[in-house]
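# Structural description and commentary
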Amino acid sequence: MADPRTVKKRGSKLPPILGPGRIGLRGRRRRTGPARPTRGRAHPPAGTRARQSLMFPPRPAVTLADLIDLEAQLARDRDAPAGALERRDREALREDSRAGGRAELLGRWLAALREREPGLLFPGRTVSRALAGVRLALAALGLALGWGAATALLHYTGEHPVNVWDVLLVLVGVQVLLLLFLLSAFLFPLATLGAPLVGVFREAVGALYPRLARRAAGTARAEEWRALWHRLRSRRSLYHAVEPWLLLGATQTFGVAFNVGALLGCLRLVVFSDIAFAWSTTLVDLDAPRFHALVSALARPWAWLWPDAAPSLALVEATRYSRLEGAYLHAGAGRAADLALVGGWWRFLLAAVATYGLLPRALALAVARLRAARLLARLPLDDAEISRVLARLAGPLVETGAVVPEPALSGALQGPVPAAAPPAGTRCAVVLWRDVPEHPGLAAAIARQVRCEIANVHAAGGREGRDELGARWLAAVDGAEPVVVVAEGFEAPDRAALRLVRDLRAALGPRRHLLVLVAEVREDRVGPAADATVRTWREGLARLEDPYLAVEPLRGAP
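Every chain begins its residue count from 1, and numbering advances along the sequence as written. Thresholds applied to this predicted model are a pLDDT of at least 70 for local features of residues and 80 or more for the giving and counting of side-chain atom pairs; totals over whole chains, interfaces and linings are not thresholded and use all residues. Excluding hydrogens and water, the side-chain values take into account all heavy atoms of the structure.

## Some words on the nonpolar core
As a rule of thumb, nonpolar side chains are buried together in soluble globular proteins. Short version of the rule: The term nonpolar core refers to a set of buried residues drawn from Ala, Val, Leu, Ile, Met, Phe, Trp, Tyr and Cys, joined through side-chain atoms within 4.5 Å. Note on exposure labels: buried denotes an accessible area under 20% of the residue type's maximum, exposed denotes more than 50%, and partly exposed covers the range between, all computed with a 1.4 Å probe on protein chains only. Strands here are runs of E lasting at least two residues and helices are runs of H or I lasting at least four, both read from the DSSP assignment and numbered beginning at the N terminus. In this description, contact between two residues means that some pair of their heavy atoms is separated by no more than 4.5 Å.
If you look at the biggest cluster of nonpolar residues, it comprises 33 residues, and the most contacted ones within it are Leu154, Phe277, Trp345 and Phe348. Listing elements by their share of this core, those giving two or more residues are helix H5 (124–153), helix H6 (164–187), helix H10 (243–272), helix H11 (288–298), helix H13 (313–318) and helix H15 (346–377). Among the elements that take part in this core, H15 stands out by supplying six residues, more than any other. Setting aside residues up to four positions removed in sequence, Phe348 forms contacts with Leu168, Val295, Leu298, Ala299, Trp302, Ala309 and Pro311. Counting 31 residues, the second largest nonpolar core, distinct from the first, contains Leu74, Ala112, Ala372 and Ile386.

Spelled out as structure tokens, the structure:
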């Protein structure tokens, strides 16, 4: 029997709220009297803090690089022994560094691991630099194409003047239609092509990803990059809201650069060459006054700021052109007499491209960047694997030892910690899959491991009256969380098991925690299944791509 004086606390989790006079984590009795005054700045009242949190969210922003590094580290830790992970995390973060919110705590944890193990794959910065390079390439391509389009549209050899209609159609009309289509595709993905558009983008990235990974990390780590890509795809339900805004930001980077290139190309031709503009139409009813009304409506947004960029009726009448006669109609025969007048359309065209091309693209780019950053900052960070990390970092350290060495445990009893330890007093529902019997020690083991009060127990699968509730699972579990499914190790995760988990997920919603405990239930004992069996269940349920689903061995048996 262990000497009480040699007992160190480590491993099991104490209640989160200690009552008056309870012993703290390091054996010191907590004060029960009035709190001592704190040094430094006084804390604002609770109401003031609430108002400040509404105006300025206190959670630090989560960058895309941190998110990718976090997924890479979670992938490495997935099958590692729980004890080794806990020792590593305790050594990496001091006790005074474990305060703060989820994002802040995870950020410090990642920073400590990067410094502690620099040889491991932390691809976040590499991916961020690659995305920055893609945006830079799109910007360069947009500048070149915009410059080329303006040069082609304003090409003037002296034979026929430049048609204002062509410039407006390509540099304004087509751009506005493409922008409206793209925005509707992202804002209303069910009614338009938003989901297929993102899907095409994802497939294109998936095709290019292996080559980019080999070039970035070499052949030695290409397999790690490929595994990371498959992991990100399997967990994209966590980040699916961010993905369209990243794509929108990339496309609008191209759009902004295209319009800047078009404006620069137009200015070059206006400054360093003489261009004659004209407009013509086959429609008899579209005379000069009606065309003037049309362009005046287009110029209304900037007419008050730049009056010279609003075409006058005299300009419209003087620049109507007949290709049949090869002359301006207002001038009679030959070219127009006033050369300065027929070149006066350039101000209107530049203002139109800036207003209807550049400005909407710049606004869409800013909204996409801000929206992506806001969604990253508001990620819940509460899925099963992240909750397991937070339980290791924020939970108390409890360890027991004995003066006399104890025999080593068998491999079957050494399992990872549960996915997430809910606070004390949590109600959970238990689903016994197929042939799992209602063993007397099973409920106690589940309650001890998950640290919850079992609200109800249901049987599912198999024969002998076991229920298949389907959509009625929500009413059956009666608000309990998490929902714990107990399966025996010799049962494979077949289609029926997958259907059960799908039914539970459909009934409970996308963010309710599901925990599958793989156990070995005998008449005389209840214990965890072998590691290989747990791994089989994990791999079998991984095809569901459910980040709020955890698979662990039952380790709460005494």
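So that's the structure; there's more coming.
## Considering the packing of aromatic side chains
What counts, and what does not: Working definition: a ring pair exists when centres of Phe, Tyr or Trp rings (six-membered ring for Trp) sit within 6.5 Å. Plane angles under 30 degrees give stacked, over 60 give edge-to-face, the rest tilted. Either the NZ atom of lysine or the CZ atom of arginine qualifies as a charge over a ring when it sits within 6 Å of the ring centre and within 35 degrees of the ring normal.
By the definition in use, this model includes eight aromatic pairs. An aromatic cluster is built from Trp165, Trp279, Phe291, Trp302, Trp345, Phe348 and Tyr356, whose rings are joined through pairwise contacts. Looking at Arg76, its charged tip hangs above the ring of Phe122, at a distance of 4.8 Å from the centre.

## Focus: the pattern of salt bridges
For the record, the criterion: One speaks of a salt bridge when a side-chain nitrogen belonging to Lys or Arg is within 4 Å of a carboxyl oxygen belonging to Asp or Glu.
As enumerated under the stated definition, the model contains 15 salt bridges in all. Measuring nitrogen to oxygen at the nearest pair gives 2.8 Å for the salt bridge that ties Arg116 to Glu91. With a gap of 25 residues between them, Arg116 in helix H4 (residues 102–116) and Glu91 in helix H3 (residues 82–92) connect regions that are remote in the sequence. Judged by its relative accessible area of 55%, Glu91 is exposed.

## Comments concerning helix H17 (residues 440–450)
Cut-off, in case you're wondering: As used here, the arc is the angular range of directions from the helix axis to the C-beta atoms.
For H17, every residue scored as buried is listed here: Leu442, Ala445, Ile446, Gln449 and Val450. Viewed along the axis of H17, the buried residues span an arc of 105°, placing them on a single side of the element. Contacts from the buried residues of H17 go to strand S5 (426–433), strand S6 (452–460), strand S7 (483–488), strand S8 (514–521), strand S9 (526–528) and strand S10 (549–553). Arg451 lies just past H17 and shows a positive phi near 60°.

## Quick word on the environment of Ala507
Following the sequence through the fold, Ala507 ends up in helix H19 (residues 495–508). We classify Ala507 as buried; its relative accessible area is 14%. For the pair Ala507 and Trp473, spaced 34 residues apart in sequence, the C-alpha to C-alpha distance is 5.9 Å.

## Thoughts on the confidence of the model for the chain
Applied cut-off: What pLDDT expresses is the predictor's confidence in each residue, scored from 0 to 100.
Within the chain, residue pLDDT values average 74, and 70% of them lie at 70 or more. No element of the chain has a lower mean pLDDT than helix H1 (residues 46–55), which averages 40, and none a higher one than helix H12 (residues 300–303), which averages 94. A low-confidence stretch, residues 190–194 stays under pLDDT 50, and its non-local contacts, those more than four residues away or across chains, total six contacts.

## A short note on the state of the cysteines
A disulfide bridge is the covalent bond that connects two cysteines by way of their sulfur atoms. To keep it simple, the criterion reads: A pair of sulfur atoms, both from cysteines and within 2.5 Å, is called a disulfide here.
In this structure the tally under the stated criterion is one disulfide. Between the sulfur atoms of Cys428 and its disulfide mate Cys452 the distance is 2.2 Å. One quick way to see it: the torsion about the S-S bond of Cys428 and Cys452 is about 50°, and its sign makes the bridge right-handed. Pair noted here: Cys428 is in strand S5 and Cys452 is in strand S6, with a separation of 24 residues, a long-range link. Exposure class is identical for Cys428 and Cys452. Each is buried.

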